[in-house]
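Each chain is listed here by its residues.
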Amino acid sequence: MTSPRIALVTGANQGLGRALVEGLAARLGPDDLVLLTGRNAGRVADAAAHIVADPGTRSRVEGRVLDVTDAGAVARLAAELDEQYGGVDFVVSNASAMLTPDRSQSEQADDFIDVANGGAFAVLRSFPPVLRPGGRLLVVASSLGTLGKLDPRLQPLFDGTSLDEVEKAVESWRSALHTGTAEDLGWPRWINVPSKVAQVAAVRAMAAERRATDLPANRLIASVCPGLIDTALSRPWFTDFSGAQTPAQAAVAVLDLLLTEQTDPAMYGELVRFGRVLGRDTRTPPQLPDHLLIK
């Protein structure tokens, strides 16, 4: 008898995260379980209830409150799932925080970094050890996370470094934001850029540690760029959404990567967009919205 497959998505009460839960629930089997997680208990419950009631849902769906800024809570959930189910099969770190151009970047930095980076780091520390053979762990990032987006002075902080070193670099950047020295040191004004670079670097760091044991077990750890999505998070920053995807459209390529039967070693530890590995110095998109930022 095949064990039920267990999936978990963070930041899943809206946008891409919710679409990923919907897609997993439609593509997995009746005995499988998809955990929809988020910080707000009411929103988590409402989103899970809507997906459960959807005629296209095949698997079991449960809402779980999870604050990814609490690394201890993330670790406890991983341990709980390991004890109850013998591990997990699919994990997507998708949680992010609202970032708007009408407030200074430094004013918004702590919550944004704690969720987008602290949350990803916590997932990367706690869930790879409980990934079952054939398991997949994806961190939703962006093409903004390629090293070419950073000043050359800063690139060594995220190239070939350990997860501890990536975390240290993020804290150094956070400190520079609060002391007003970040731009002088070469950090991009839009804090989404260093945040994404750090997410991608963290994935590479964890993958470097685990590659020798994960690939023989058909496991995959990677970061993904889902492309431009028309959501509340992206609306403040871009004006042309003619080529943007809906969350459901953007979820398709991510789901395909999650549910692929065999791990492609070329994708292990890399940043993947629409099924292809992005080079480390890819310079897309060509224009960043610095003109929208206030000091």
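Enquirer: Tell me what's going on with the sheet that holds strand β5 (residues 131–140), and back it up with residues and numbers.
Expert: The strand order across the open sheet built from 8 strands is β3-β2-β1-β4-β5-β6-β7-β8, with neighbouring strands paired in mixed fashion. Here the strands that pair on one side only, and so sit at the sheet edges, are β3 (60–65) and β8 (276–277). Across the sheet, helix α1 (residues 15–27) touches β1 (6–9), β2 (33–38), β3, β4 (88–93) and β5, and the angle it forms with β1 is around 165°. Sitting on the sheet, helix α2 (residues 41–53) touches β2 and β3, and the angle it makes with β3 is about 175°.

Enquirer: Go over the packing of helix α4 (residues 105–126) against helix α6 (residues 192–214), please, and point to the residues and values.
Expert: At their nearest, the axes of α4 and α6 sit 10 Å apart, and the two run at 5° to each other. Accordingly, the angle class assigned to the pair α4 and α6 is roughly parallel. Residues F112, A116, N117, A120, F121, L124 and R125 of α4 form the contact with α6, whose own contacting residues are N192, S195, A198, Q199, A202, V203 and M206. Considering only residue class, the contact of α4 with α6 consists of 9 nonpolar, 4 polar and 1 charged.

Enquirer: I'd like to hear about the pairing of strand β6 (residues 220–225), residue by residue, with values.
Expert: For β6, the buried fraction is high: 6 of the 6 residues fall into the buried class. Every second residue of β6 is oriented toward a common face, with L220, A222 and V224 on one face and I221, S223 and C225 on the other, all of them buried. Judged from the 5 bridges that link them, β5 and β6 form a sheet pairing that is parallel. Opposite R136, over in β6, you have L220 as the bridge partner. In this sheet, strand β7 (residues 271–273) lies alongside β6 in parallel orientation, the contact comprising 3 bridges.

Enquirer: So what about the nonpolar core? Which residues, and what values?
Expert: Soluble globular proteins tend to bury their nonpolar side chains together. Counting 91 residues, the largest nonpolar core has L124, F127, L137 and F158 as its most contacted members. If we ignore the near neighbours within four places in the chain, the residues touching F127 are L8, V74, L77, A78, L81, V88, V91 and L137. Ranked by size, the runner-up nonpolar core spans 5 residues in total, among them A141, V200, C225 and L278.

Enquirer: Describe unusual backbone geometry, and please don't skip the residues or the numbers.
Expert: In this structure, N218 is a non-glycine residue whose phi angle is positive, near 60°. Looking at where N218 falls in the secondary structure, it is placed in the loop between α6 and β6. Residues other than glycine seldom take positive phi values, yet F274 does so here, at roughly 50°. Relative to the helices and strands, F274 is located in the loop between β7 and β8. Residue classification places F274 among the partly exposed residues on the basis of a relative accessible area of 49%.

Parameters at a glance
Residues numbered from 1 in each chain as written. Predicted model: local features only at pLDDT ≥ 70, side-chain atom pairs only at ≥ 80, totals over all residues. Heavy atoms only, no water. Pairing = 2+ DSSP bridges. Helix = DSSP H or I, 4+ residues; strand = E, 2+ residues; numbered from the N terminus. Contact = heavy atoms within 4.5 Å. Axes fitted to C-alpha atoms, helices over the stretch in contact; angles between N-to-C directions. Parallel < 35°, antiparallel > 145°, perpendicular 65-115°, else oblique. Nonpolar A, V, L, I, M, F, W, Y, C, P; charged D, E, K, R; others polar. Buried < 20%, exposed > 50% of the residue type's maximum accessible area, 1.4 Å probe, protein only. Core = buried A, V, L, I, M, F, W, Y, C linked by side-chain atoms within 4.5 Å.

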